[in-house]
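# Summary of the model geometry
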Amino acid sequence: MAASAFTFYNEAKKYIGNGTIVLGTAAFKLKLTTSASNASTFTLSTFASITSEIGTSGGYVANGKALATMAWTVGASAKQYKFDADDLIWTATGGPLTNVKYGVIGVSAGKALCWSKLSTSQFTVTTGNTLTIVFNAAGIFTLT
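Remember, predicted model here, so these are calculated numbers, not experimental data.

What follows concerns the nonpolar core. One finds L30, I105, L113, F135 and I140 to be the most contacted residues of the largest nonpolar core, which totals 40 residues. Sorting the residues of this core by element identifies helix 1 (10–17), strand 2 (28–33), strand 6 (88–91), strand 7 (97–100), strand 8 (102–107), strand 9 (112–117), strand 10 (123–125) and strand 11 (130–133) as the ones contributing at least two each. Among the elements that take part in this core, strand 9 stands out by supplying 4 residues, more than any other. Those residues in contact with L30 that sit more than four places away from it in its chain are F6, N63, G64, K65, L67, L88, W90, G103, V104, I105, I133 and F135.

Now the structure itself:
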């Protein structure tokens, strides 16, 4: 199963432009949501407005995991810059991670940045197994 590219929310572009979202210094998180989520609705603007987050079982906590080692680096050419972070790993402990479909990046108690469909249908990570979100080698997104 292959995740889709991350897609910006409409308002996120404005928030980046006016400095409400500061890439590289804001405390971003990636949260997991179910197929019932509104995560792919482009008009959402706040992280809290994303519905149907997966349950807090299997070691998952509300609002997901923090992105670590965020960086801006040169992309495929000197004209490109990519925004990237360390891959994220969840290990289902004490229970499964159930009904996962979307990954949403945003600022906890702040603005929503972008989303990705992690699979064509929701899936469960059974106890003892891991879910690894591997960001594209070209970064979470690239400015060209």
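Read on, since the account is not over.
Two numbers describe a pair of aromatic rings. These are the distance of the centres and the angle of the planes. If you walk through the whole model with that rule in mind, you get 9 aromatic pairs. Arranged with centres 6.0 Å apart and planes meeting at 35 degrees, the rings of Y60 and W90 form a pair that is tilted. Remark: W90 occurs in strand 6 and Y60 occurs in the loop between strand 2 and strand 3 (65–66); sequence separation between them is 30 residues. As far as the burial class goes, Y60 and W90 line up, both buried. Site record: aromatic cluster; members linked through ring pairs are F8, F28, W72, F83 and F141. Positioned above the aromatic ring of F47, the side-chain terminus of K31 is 4.3 Å from the ring centre.

Cut-off values and rules
- Residues numbered from 1 in each chain as written.
- Predicted model: local features only at pLDDT ≥ 70, side-chain atom pairs only at ≥ 80, totals over all residues.
- Heavy atoms only, no water.
- Core = buried A, V, L, I, M, F, W, Y, C linked by side-chain atoms within 4.5 Å.
- Buried < 20%, exposed > 50% of the residue type's maximum accessible area, 1.4 Å probe, protein only.
- Helix = DSSP H or I, 4+ residues; strand = E, 2+ residues; numbered from the N terminus.
- Contact = heavy atoms within 4.5 Å.
- Phe/Tyr/Trp six-rings, centres within 6.5 Å; stacked < 30°, edge-to-face > 60°.
- Lys NZ or Arg CZ within 6 Å of the ring centre and 35° of its normal.

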